[in-house]
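# Reading the structure
Listed here are the chains, written in short residue letters.
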Amino acid sequence: MMTANEVRRAALALPDTEEKETWGEATFRVKDKIFVTLGADGKAAGVKTDRTTQALLIERHPDTFSYAHYVGRFGWVTVQLATVDKKLMKDLIVDAWRRTAPKKLVAAYKGKEKA
């Protein structure tokens, strides 16, 4: 299980990430591009993945992951926070940030990870 506050902390811990409310939900952005969303009720989150990862997550954990409304065709998944593994969710958040952030920022972050 992971809470909405834990998702928020994991996302905001990444470089140049900011939180903005959009559509009544918290969105987490790097350089104004969304990579994670939190549902208004705090029970679900949306995470940007690629379509291969999306398919694997949904196939292996159908009670936790599903295609995201509107943006599922781009690889986004909806995550049920009550059943998601914390480490997996944190890894998905970092991967979503890497997929969205500018290459120079990702390269600088990789350097900090090794230190």
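Here, every reference points to the structure presented above.
Below: a short report on this structure. (Residues numbered from 1 in each chain as written. Predicted model: local features only at pLDDT ≥ 70, side-chain atom pairs only at ≥ 80, totals over all residues. Heavy atoms only, no water.)

## Some details on the sheet that holds strand β1 (residues 17-22)
Strands belonging to one sheet form pairs held by backbone hydrogen bonds; the direction of such a pair is parallel or antiparallel. Across the sheet, which stays open at both edges, the six strands sit in the order β1-β2-β3-β4-β6-β5 with antiparallel pairing between neighbours. Unpaired on one side and paired on the other, β1 and β5 (65-67) mark the two borders of the sheet. For this sheet the average axis-to-axis angle between neighbouring strands, irrespective of direction, equals 30 degrees. By the bridge criterion, six bridges tie β1 to strand β2 (residues 25-30) in an arrangement that is antiparallel. Paired with Glu 19 across the two strands is Phe 28, which belongs to β2. Seen against the sheet, helix α2 (residues 51-60) touches β5 and β6 (77-80) and runs at an angle of roughly 130 degrees to β5. The strands touched by helix α3 (residues 86-100) are β1, β2, β3 (33-38), β4 (44-47), β5 and β6; relative to β3, the strand with the most contacts, the crossing angle is about 155 degrees. (Pairing = 2+ DSSP bridges. Helix = DSSP H or I, 4+ residues; strand = E, 2+ residues; numbered from the N terminus. Axes fitted to C-alpha atoms, helices over the stretch in contact; angles between N-to-C directions. Contact = heavy atoms within 4.5 Å.)

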